[in-house]
Amino acid sequence: MTQSKAKKKRSHIKRTKGKDVEKNRQFSPFSTHERVTKTKKESLEQNFTKYRKHNHNEDG
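What counts as what
- Residues numbered from 1 in each chain as written.
- Predicted model: local features only at pLDDT ≥ 70, side-chain atom pairs only at ≥ 80, totals over all residues.
- Heavy atoms only, no water.
- Helix = DSSP H or I, 4+ residues; strand = E, 2+ residues; numbered from the N terminus.
- Buried < 20%, exposed > 50% of the residue type's maximum accessible area, 1.4 Å probe, protein only.
- Expected span 1.5 Å × (residues − 1).
- Polar contact = N/O pair within 3.5 Å; in protein donor to acceptor, adjacent residues only side chain to side chain.

S.K.: Lay out the overall build of the chain in plain terms, naming residues and giving numbers.
M.R.: Looking only at helices and strands, the chain has two helices and zero strands in total. Residues classed as buried in the chain amount to 0% of the 60 residues present.

S.K.: Run through helix 1 (residues 5-17), naming residues and quoting values.
M.R.: With 13 residues, helix 1 should reach 18 Å at 1.5 Å per residue; the first-to-last C-alpha distance of 18 Å fits that figure. Looking one or two residues past helix 1, Gly18 carries a phi angle of roughly 75°, positive in sign.

S.K.: Account for the environment of Ser11, with residues named and values stated.
M.R.: Note that Ser11 resides in helix 1. For Ser11, the side chain forms a polar contact with the main-chain oxygen of Lys8, separated by 2.9 Å.

Right, here's the structure in full:
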């Protein structure tokens, strides 16, 4: 496979100057992005408030 321009540039800098630019990248062993899904209760509350203005009479 061919290399991207950025990778070619990084490898050139590493060859000529001996600097490894990839070490400057920030690395975190865990995800800093918080992923939260709704609980069953929250989703039921959302449906209740979403449709609360509709008339849900059984005899209708």
